[in-house]
Structures are given as structure tokens and as C-alpha cells.
Amino acid sequence: MKSLLLTGGRVIDPANRFDAVADVLVTDGKIAAVGPGLAGKPPAGAEVLDVSGKVVCAGLIDAHVHLREPGQTAKETIASGTAAAARGGFTSVVCMPNTSPAIDNPGTVALIHDIALEQGAVNVFITGAITKGIAGEELAPIGSLRKAGVVAITDDGHCVQNNELMRRAMEYAHMFDLPVLDHCQDYSLVTEGVMHEGRWSTMLGLRGWPAAGEEMMVARNILLAETTGARVHCQHLSSAGSVQLLRAARQRGVPITGEACPHHFTLTDAAVAGSDKFWAADGKGVFGFDAGGELPSWPAYDTNFKMNPPVRSARDREAILEAVADGTLEIIGSDHAPHCSYEKEVEFDYAPFGITGLETELALALMQLVHSGRMSLPDLVARFTIGPARLLRLPKGTLSVGADADITVFDPNREWTYDCSAGASKSRNSPFHGWRLKGKAVATIVGGRKVWSETAA
Amino acid sequence: MKSSSRKNSHEWEAERLEPPPVPDLSGPWRGTGRFSFSPPTPPLPAMSWNRKHLLDIESLTADEILTVLDTARAFKAVGERAIKKVPALRGKTVVNLFIEPSTRTRISFQLSEQRLSADIINFTAEASSLKKGETLKDTARNLEALNADFIVIRHSASGAPHFLARVLNASIINAGDGAHEHPTQALLDTFTIREKKGRIAGLNITILGDVLYSRVARSDLWALTKLGAKVTFCGPSTLVPREFEQMGARVTHDVEEAIRDADIINLLRIQHERQRKTMFPSLGEYTSLFGLNKDRLARTKPDALIMHPGPINRGVEIDSEIADCPRSVILEQVTNGLAVRMAVLFLVNGGKGPQEISA
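Residues numbered from 1 in each chain as written. Chains lettered and ligands numbered in written order. Predicted model: local features only at pLDDT ≥ 70, side-chain atom pairs only at ≥ 80, totals over all residues. Heavy atoms only, no water.

**Comments concerning the overall build of chain A**
The secondary structure content of chain A amounts to 14 helices and 18 strands. Taken against the 2.2 N^0.38 rule, which gives 23 Å for 457 residues, the C-alpha radius of gyration of chain A at 21 Å falls within 12% of a compact globule. Each principal axis of the C-alpha atoms in chain A carries an extent, and together these give about 65 × 55 × 45 Å. When the 457 residues of chain A are sorted by exposure, 64% land in the buried category. Taking the contacts inside chain A whose residues are at least 6 apart along the sequence as the reference set, 76% of them involve residues at least 24 apart. Carbon and sulfur atoms make up 51% of the accessible area of chain A, which totals about 15,600 Å². For chain A, the separation between the mean place of its 41 positive charges and that of its 52 negative charges on side chains is 3 Å. (Helix = DSSP H or I, 4+ residues; strand = E, 2+ residues; numbered from the N terminus. Rg over C-alpha atoms; globule rule 2.2 N^0.38 Å. Buried < 20%, exposed > 50% of the residue type's maximum accessible area, 1.4 Å probe, protein only. Contact = heavy atoms within 4.5 Å. Areas by Shrake-Rupley, 256 points an atom, 1.4 Å probe, with all protein chains shown as cover. Lys, Arg positive; Asp, Glu negative; His and termini not counted. Charge placed at Lys NZ, Arg CZ, Asp CG, Glu CD.)

Encoded structure:
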């Protein structure tokens, strides 16, 4: 019998509405007890971790990551991506199916499952494709994917343009109670857009990616969720209009959820014009950077600020923050999208979309949402735990006695500077390199096993 | 120092180190004797240029723009001499890296470089390893390994010159990047306007046409507004979005109103090769709504000048005969382009300003 005792931390377990200073006892990979006074009588041979002053919460789940394996292992592997997750405080990740080959068949699901068991630092949940080859033309074998263990279907990175096909996918997936996740992008509106369409794209001469290109598909998904009754989830929402549509739909009971990414609620399109423009125009909206001091600096046309959907206006950023705070957006995901440096070191138009995020996600969320006073710490923890666990029906995200002992210990007030070259990800494409952040994971425990801790690193 | 008296070396040294007397230039000037000291007209202000690159106009100050214009004026005088070549860039290597096809800008740069005595490498995308999948960074680093001092880059991707400036040590000159900027075109436009009108401040300048995809429009806007002109963008609403107002332009879709009070009408080419069929119905409709024809020209100020960065589409944005009329300065723009590009190369090579060029 192997035991671990975490003593003196502030234990936050939104699933049980628990928020108090307490001890957590883990035995044989399960939560054995949560409560005060356990510290006085540790079981024989238990490892005791003093976590006073820290937050101890149900292990965080990132519902949106790209692990790139199989097929794109120069960017990331299941081993390196899950190591990055562990460093970022995540005990579970949900990986997207746009690998090579795509996760559109049970064999690929099994392969990832096996590699994750063997090499993964944290739990890996797998999504399958909606359509074969993520080509948007015919349905993938959704039933077989379900049997193989996928937790949802999505063509993430792409968006099913054919509305009838999307409707049938929802109807079909509903049969298995499998949620349908969508990357909302209307191709005919977005065309060759590479950044948010607005003042800055006009100035920089870059093709605009209009907010309406996302909102069009959010509206489509709301209508189809209503039509089919399927559970539909809009991934990485970036615009004020999307949030408004979603809020209204949820109020009338449509089974639809949405997700926010840290870059969308931290950055704006001004960042593509370089740090000087960003700090002057929209820097006020970033927590902790208004009190003077040296500001992070980057050039114009930095491809680490190119992601899909793009970072948008200050008004959109504000709307996303509001929506996370009021629960319209129940889930925070990183859209961790690693790319090799040589792929990003090209002209802005030619660079692939996407940035890494697992190692900066918790800090940015704490800064923008909790330290800024928008929401409580337990509410934020809920966005990383019961939010994704409910949508994807994961047996995770709680410290209930008997649950898997997935636990994140973090210091919400720790100040540190992010160095993209010091992380565990194989890639370095982060816009937050050199940023002074506040809030950091200090230990990540998966199934009772400490997979990462600051002292061991 | 008396030449007849012999001094010991120590005394001689002390005398030699004494600075030459500074002539008193205050007070009235008299043109007497062998040397006529009439003040230069107009006086050259003290100027300086400290930039290694010319990436865009947006980041330049009004003083820096004026430094280029005044330096170009000196080079224009050089271009009117029998021997048009100067040694300013002798021993320096310039690469003309034209990833996007170009004729007039490429030729203008080449001749400017030749007139400055530089060694030149001409590089086009069609005949290069870029076609074999080499990245721009690798291509450029190979050129730099040949000790290129300057890279003049034309590229269809906005920001490509900024990217090169980050990854190379050479000086980068933007010869047009996507729909972003075309700094030397704006400088030659501004030069031409100043030469013709004697000033920039207070002028009404209308830029008419495909503004959305135009790097010239953006660079012109920055240059002209920094020097105090009022700039109006006009064209179909699909090609002239309101966002330009946030850059300081006035936006209108009424061509009659846009050109009525204009001192300068700068026409942009309709770039049909860049456009999908969704931006306006047809070239014919464009011409009828926005083309500059005799009727419209008759309702402009009599001294309004017509400019065009070229290549012109006769019969589309401009009536053929207007392109050749006396109010058109289109070919003078081309001539001035040489002087402006010489000035830019001279300045990024460490030249400080026109005071260093002997006319």
C-alpha cells in the first residue's frame, strides 16, 4: 500500500464545492481522504508533502492539445507533449485528431492509447475525426472510433463546411452520447486570412480573418444542436459575437458549450504589429504589466502571434474574459499547437498557424481572470476540471474519495519568467517567451504518482 | 605662421594643431572678390540619418523623410550631369532579391546601384532554389555569405523585409512587400509632389483605386500625412474599407467629391491579378464609376496633377489621353525614382544627408 499525504494546502474541489485548508491522503492511486487533521496521523511509510501556502486541486484537464504523434514527431511527441502538460500542472490532456494519419480509424486510436500508456506523463484522452482524413467530405467511422475509446469527435484545424454533413455527424454521434467539437471557421468568409480583420490587418497589409467567419459557424452549430439534440462544443472561441450567440443559446437551453484559450483572453491583434504597438494600444488589458517596469518585446510580423482563430480586438478579448467569468465559456483549453522553429521562421503568410500553450496556460488564466479580480479561484479551477470532465464524460476532475488521485498543486502568487527554451515541449513557438507571469504549478500528481514537481525538475 | 622664419619642431607642432579660424558667417553676405559666398538656396537644414534599413515609412519621422528628399535632390542634380556616376558604393555589394516579379522598380534600383558604383547581384524567384523549397531565410543567408552589404527585397508576403532584417546582418531595403508598404515609391511620389508644388503641408492628395491591396497607398499615406498633407482614399467600398480612417486617411466612395479639391490625384492600378471576382462586378463598371476621364478631370482644380505608380491600365483607371496630358507627371515620377533610390542607398550605407554630396 503506497500512500502520499499532502498537508496544509488550500484544497479546492469544485465538484464537491469544497474550498478549505485541508490535507489530502492518497492511497494506491486513489483519493483516500480529504479533510483537516490528517497530518497528525500519516499512514506508515507515507510520503508527506508540506504544501502549505499552495493550492491543492483536482488535477487540471486541458481539453485542447495537439500532441502531433503519430506523423509529426519533429514538432512534438506524446512523451514531450505530456511532459509539457505535467510542467504546466495538467494531469489530463485531450488530444486532437489532425495527426498523420488523422485519427479517423480505430487503429490510430489504439496506437496513441498504447504510446500514451507507455510514455505519457499524464492521462491522454483521444478525440476522433468527424470526417475521413479530416477532409470534410464523408463521415469517419464514428461508431468504431467510439468503441476504440475516443471521448469526442472533431475535425479540429479544419471545419466541416457542408451543413448537411455536420447535421448527420451530430445526429449520429448523439446516438453514442458522443460530443461533437467544432473549430468554427467559414472558409468562404475567411479565405486566405492570416490575422484578425481590422485596423491592424489593414495597416500591416495582411489578409483579414473576419470575426464573422467564426460567428457564422457558431450560429450554424447552435441551430444544428437545437435540431439534433446532440451535445455540441465550440472550440477556442475568439470573438465577442460568438460569445453573444452562445450565451443566448445556452439561456434557452441549447446543449452547446464553448471554450476559451489564454492567448485570446490575453493578447490582441495589435500584437502582430509588434510589442510597441501592443503595449501602447492594448497593454492595459494584461494583468500585471501596467505598473511600469520592463515590458516583453517582440518585432512586427512575429509568426508566434499567428494562430487560428487569430487574436482579435481589445473588445473581443474583453468579451472572452467576461464569458469565462460568467460561465458562458465553461472550459479553458490551450490549443497547444507546437511547430518546429524552421517552420515558423518564414514569411508571416507562409507560417503555420498555432502556438504552444501548456506551460503558460495556468499562469495566464490566473493573471487575467483571478488576479485581475474577475472571478474566484474555485470558479477558475472549475473551468479546468469539471468543465471539460462534464462535456467529455471523463472520470476525472474531482477529489472525491475513491476518485483517481490526479492532483495539481500550484502557487497562485509565484512570479516567474517564462523561457520557451527551458520547457518540456519539443517546440518553442510561444508568444509569451520572456513574459513575467504570476502563478505556477509546483507539483503534478497523476494516479497518486508525482509525475512532475518543481524540486525534482 | 611666418614662412620665412625657421622654428624648432616643437613650436611648429603647436601651431599646426591650432584649429583653423572659423569664418564669421553672420551678418550680411557680400559677393566680392574671387569667391562668391552666396548662401545656398534653399538652405540645407542640418540632417542626419541613422537607420540601417529602410523597411517602411510608418516608422520614419518627418525629418528622416525630408532627409531622404533633400538627399535625392542632390542626386537628381548628379543625374543631370554628363557623368552620372559617383563612387559612393564602390566596393559594396547589393543583392536585388525580387521574389515577386517587378519591372520598373527592379530596373530603377539596378540603375541607381550602378550609378553609385556598387557591385550587383540580381536574383529572381523563378530562377532560384526557392522553387526547390528553400526558405527565404536560407536563400538570404546564402547571399549574405557572399558578403552582400545590402539586400533590396520585393516580396508578395507583407513583412518579409522585416523578417529578413531580423535574421541577417545586411542592410535591408524594402522594394515592396505584399499589401504593406512600398517606401521608395512613396518617397519618390513625395519628392515629385514637393518638386512640383513646392510644399507638402496643406495639400489635398487623393489616392484613387485599389487601396486595399495597395502598398503604395499605405506608404504614401504615411509619408504625406507625416509632412502635413491631407490624404483622401477613394474607390469602391470593397477596396477602400473604413479601417483606413484609423490610419489617418479620409475615406470616401464618391469620386467627384474626392477629386474636386485635390491638388494631386494619385491613381492606383486595379490589380486584377490579385483579386477574386467578389470585389467589384467588372472592370467596365469600375471605369464608369471611378475611372479618371476628361469629364471628371474638367471638374478638378486646374492645377491638379495626375500621378500613377505604374504600370497603368489605359482605359481602366485612367483615360489614355489623360495619361499623356500635360498635367500628368507619371514619367517624371520614374525619373525621380532613380534619385530617390540613390539617396536611400546612400543613406543606409552610412551617409548622413545631402550636405555630403557635391553637386
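That was the structure; now back to the text.
**Notes on the sheet that holds strand 14 (residues 256–260) of chain A**
Residue and element names in this part refer to chain A. Strand order in the open sheet formed by 8 strands is 6-7-8-9-10-13-14-15, with parallel pairing between adjacent strands. At either end of the open sheet lies a strand with only one pairing partner, and these are strand 6 (60–65) and strand 15 (331–332). With 4 bridges joining them, strand 6 and strand 7 (residues 90–95) adopt parallel strand pairing. Within the sheet, the bridge partner assigned to Val-65 lies in strand 7 and is Cys-95. Across the sheet, helix 7 (residues 212–228) lies against strand 10 (180–182), strand 13 (232–234) and strand 14, angled at about 170° from strand 13, the strand it touches most. (Pairing = 2+ DSSP bridges. Axes fitted to C-alpha atoms, helices over the stretch in contact; angles between N-to-C directions.)

**Looking at the pattern of salt bridges**
A pair can form between side chains of opposite charge whenever their charged atoms are brought close. All names here are of chain A. Applying the stated criterion across every chain yields a total of 38 salt bridges over all chains. Put simply, Arg-252 and Glu-226 hold a salt bridge, and the shortest N to O gap is 2.9 Å. A residue pair is termed long-range when its members are at least 10 positions apart, and Arg-252 in the loop between helix 8 (240–251) and strand 14 and Glu-226 in helix 7 qualify at 26 residues. Connected through salt bridges with shared partners, the residues Lys-30, Lys-396, Asp-404 and Asp-406 form a single ionic network. (Salt bridge = Lys/Arg side-chain N within 4 Å of Asp/Glu carboxyl O.)

**Things to note about the sheet that holds strand 1 (residues 93–98) of chain B**
All names here are of chain B. The sheet built from 4 strands is open, its strands ordered 2-1-3-4 with parallel pairing. In this open sheet, the two edge strands, each paired with only one partner strand, are strand 2 (119–124) and strand 4 (171–177). With direction set aside, neighbouring strand axes in the sheet form an average angle of 15°. Relative to strand 4, strand 3 (residues 150–155) is paired through 5 bridges, and the arrangement is parallel. Bridge pairing links Phe-150 to Ser-171 in strand 4. Sheet strands touched by helix 3 (residues 104–115): strand 1, strand 2, strand 3 and strand 4. Its angle to strand 1, the strand with the most contacts, is close to 180°. Strands strand 1, strand 2 and strand 3 of the sheet are contacted by helix 4 (residues 136–145), whose axis makes an angle of about 160° with strand 1.

**Section: the interface of chain B and chain A**
Facing 25 residues of chain B, the contacting portion of chain A comprises 20 residues. Between chain B and chain A lies a buried interface of about 1,800 Å² when both sides are counted; carbon and sulfur atoms form 55% of it. With its nearest N and O atoms 3.0 Å apart, the salt bridge here joins Lys277(A) to Glu58(B). Our enumeration of links across chain B and chain A arrives at 9 residue pairs in polar contact (both at pLDDT 80 or more). Contributions of two or more residues to the side of chain B that touches chain A are made by helix 4, helix 5 (160–167) and helix 7 (215–226) of chain B. Here the residues of the side of chain B that touches chain A are counted per class, giving 9 nonpolar, 8 polar and 8 charged. (Buried area = accessible area lost by both parts, 1.4 Å probe. Polar contact = N/O pair within 3.5 Å; in protein donor to acceptor, adjacent residues only side chain to side chain. Nonpolar A, V, L, I, M, F, W, Y, C, P; charged D, E, K, R; others polar.)

**Details of the pairing of strand 14 of chain A**
Residue and element names in this part refer to chain A. Burial analysis of strand 14 places 5 of its 5 residues in the buried class, the great majority of the element. Covered by surrounding structure in strand 14 are Ile-256, Gly-258 and Ala-260 together with Thr-257 and Glu-259, the residues of both alternating faces. Pairing geometry for strand 13 and strand 14, over 3 bridges, is parallel. Bridge assignment links His-233 to a residue of strand 14, and that residue is Thr-257. Taken together, strand 13, helix 8 and strand 14 constitute a β-α-β crossover, and its handedness is right-handed. Across 2 bridges, the pairing between strand 14 and strand 15 is parallel. Paired with Ala-260 across the two strands is Ile-332, which belongs to strand 15. (Right-handed = clockwise from strand over helix to strand, strands pointing away.)

**Considerations on the packing of aromatic side chains**
Scanning the model with the defined rule gives 16 aromatic pairs over all chains in all. Centroid distance Phe233(B) to Phe244(B): 5.1 Å. Interplanar angle 85°. Geometry classified as edge-to-face. Here the residue Phe233(B) occupies a position in strand 6 (residues 230–234), and Phe244(B) occupies one in the loop between strand 6 and strand 7 (250–252), the gap between them amounting to 11 residues. The pair Phe233(B) / Phe244(B) is uniform in exposure class, with both members buried. Sitting over the ring of Phe289(A), Arg436(A) keeps its end group 5.2 Å from the ring centre. The ring of Trp416(A) is capped by Lys440(A), whose NZ or CZ atom sits 5.0 Å from the centre of that ring. (Phe/Tyr/Trp six-rings, centres within 6.5 Å; stacked < 30°, edge-to-face > 60°. Lys NZ or Arg CZ within 6 Å of the ring centre and 35° of its normal.)

**Quick word on unusual backbone geometry**
That bond from Asn308(A) to Pro309(A) is cis: its omega, 0°, falls within 30 degrees of zero. With respect to the helices and strands, Pro309(A) occurs in the loop between helix 9 (275–282) and helix 10 (314–326). Pro311(B) follows Gly310(B) through a cis peptide bond whose omega is -5°. With respect to the helices and strands, Pro311(B) occurs in the loop between strand 9 (305–307) and helix 11 (320–323). One non-glycine residue, Arg17(A), lies in the positive phi region at around 50°. On the secondary structure map, Arg17(A) appears in the loop between strand 1 (3–13) and strand 2 (18–27).

**Some points on the pairing of strand 17 (residues 436–446) of chain A**
Residue and element names in this part refer to chain A. Within strand 17, 9 of the 11 residues are buried, which leaves the element mostly enclosed by the surrounding structure. Across 8 bridges, the pairing between strand 16 (residues 407–417) and strand 17 is antiparallel. Bridge pairing in strand 17 links Ile-407 to Ile-445. Here 4 bridges tie strand 17 to strand 18 (residues 449–453), and the two strands are oriented antiparallel to one another. Counterpart to Ala-443 in the pairing with strand 18 is Ser-453. Counting the residues in the hairpin turn of strand 17 and strand 18 gives 2 residues, including Gly-447, whose phi is positive at 60°.

**Considerations on the confidence of the model for chain B**
Residues and elements named next belong to chain B. Scored by pLDDT, chain B has a mean of 87; 84% of the residues are at 70 or more. Note on residues 1–43: pLDDT under 50 across the span, and 5 contacts to partners over four residues away in sequence or across chains. Both confidence scores are given for the complex: pTM 0.91, ipTM 0.91. (pLDDT = per-residue confidence, 0-100.)

**Quick look at the environment of Gly202(B)**
Residue and element names in this part refer to chain B. Counting through the fold element by element, Gly-202 comes out in the loop between helix 6 (183–197) and strand 5 (204–208). Since its relative accessible area comes to 39%, Gly-202 is described here as partly exposed. Counting along the chain gives 28 residues from Gly-202 to Lys-230, while the straight-line C-alpha distance between them is 6.6 Å. If sequence neighbours within four positions are ignored, Gly-202 has contacts with Gly-228, Ala-229, Lys-230 and Asp-263.

**Side note on the nonpolar core**
Core analysis: the biggest nonpolar cluster contains 118 residues, and Phe278(A), Trp435(A), Phe75(B), Leu187(B) and Phe233(B) have the highest contact counts within it. Top element by residues in this core is helix 12 (residues 330–348) of chain B. It accounts for 10 residues. Residues contacting Phe233(B), with those up to four places away along its chain left out, are Ile207(B), Val211(B), Ala217(B), Leu221(B), Val240(B), Phe244(B), Ala249(B), Arg250(B), Val251(B) and Thr252(B). In this structure, Leu60(A), Ala140(A), Leu165(A) and Ile320(A) belong to the second largest nonpolar core, which totals 75 residues. (Core = buried A, V, L, I, M, F, W, Y, C linked by side-chain atoms within 4.5 Å.)

**Side note on helix 2 (residues 62–79) of chain B**
All names here are of chain B. Relative to the 26 Å expected for 18 residues at 1.5 Å per residue, helix 2 spans 25 Å between its end C-alpha atoms, a close match to the ideal helical length. Where helix 2 is concerned, the buried positions are Glu-64, Ile-65, Thr-67, Val-68, Leu-69, Asp-70, Thr-71, Ala-72, Ala-74, Phe-75, Lys-76 and Val-78. Against the buried residues of helix 2 lie helix 6, helix 7 and helix 12. (Expected span 1.5 Å × (residues − 1).)

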